[in-house]
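In case you want the letters, here they are:
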Amino acid sequence: MMKEKVLKKQASALIPTAWGNFNLIAYAENEEEKTPSLALVHELFTPDRPAFVRIHSECLTGDIFHSRRCDCGEQLEAAMHIASREAGIVIYLRQEGRGIGLINKLKAYNLQDAGYNTADANIHLGFEADARHYEAAIAILKDLKISQIYLMTNNPAKINELEAGGIEIIERIPLITAPKLENESYLHAKQDLMGHLLNMEKEELI
């Protein structure tokens, strides 16, 4: 049974970005939290209609350093573009490495270089293949008075958890990125082993 996350809006500020102005809202159980969950809410967003929403799990290597080992940074940029166009929201959850943290993520990268796939590397380290959960995102959506969304995702597990938490998914908006030499096997593992909807057979390497 899903445990409801108790988060409170701790602070917010207007953030001008390359995609337009967003209100950045920090959510945490208390104001001492150093790594709060975040919601980037477009300045023109109104809760009186279904929202375009991306729930993005932190990926320091991809989001900040543009690592080509994954598609995370490209997905985030695509989501920001859509959120700007549709006056939507990007929720940024602090669950690096599919929930195992940055240090273990780097260890998993070394295992991948030795021949493990992304799921088996996490399992070899003693974790689930995907240890992420989305209670925080559900709590944020409810605080923002959002119950119906167009969800930007390729991950069916995310859809299932949000629906179980009372969020209606009107439509799934795919975020497909072109595979590269460095992340082709990673993307295949996400599709073939973890059920992500990537249509890899239709994409070409760039």
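To start, this report covers the structure provided alongside it. (Residues numbered from 1 in each chain as written. Predicted model: local features only at pLDDT ≥ 70, side-chain atom pairs only at ≥ 80, totals over all residues. Heavy atoms only, no water.)

The seven strands lie next to each other as 1-2-3-5-4-6-7, forming an open sheet whose pairing is mixed. Among the strands making up the open sheet, the edge pair consists of strand 1 (8-17) and strand 7 (168-173). Within the sheet, the average angular offset between the axes of one strand and its neighbour, ignoring direction, is 25°. (Pairing = 2+ DSSP bridges. Helix = DSSP H or I, 4+ residues; strand = E, 2+ residues; numbered from the N terminus. Axes fitted to C-alpha atoms, helices over the stretch in contact; angles between N-to-C directions.)

Here we come to helix 7 (residues 156-164). The set of residues buried in helix 7 consists of K158, I159, E161 and L162. On its buried face, helix 7 is in contact with strand 4 (51-57), helix 6 (135-143), strand 6 (148-152) and strand 7. Sitting at the amino-terminal end of helix 7 is N155, which places a side-chain oxygen 3.0 Å from the backbone nitrogen of A157. G166 occupies a position one or two residues after helix 7 and carries a positive phi of about 95°. (Buried < 20%, exposed > 50% of the residue type's maximum accessible area, 1.4 Å probe, protein only. Contact = heavy atoms within 4.5 Å. Polar contact = N/O pair within 3.5 Å; in protein donor to acceptor, adjacent residues only side chain to side chain.)

Enumeration according to the criterion identifies one aromatic pair in this entry. With 4.6 Å between their ring centres and 20° between their planes, F52 and Y150 make a pair best called stacked. In this pair, F52 sits in strand 4 while Y150 sits in strand 6, placing the two residues 98 residues apart along the sequence. For F52, a relative accessible area of 14% translates into the label buried. Over the ring of Y109 we find R69, and its NZ or CZ is 4.2 Å from the ring centre. (Phe/Tyr/Trp six-rings, centres within 6.5 Å; stacked < 30°, edge-to-face > 60°. Lys NZ or Arg CZ within 6 Å of the ring centre and 35° of its normal.)

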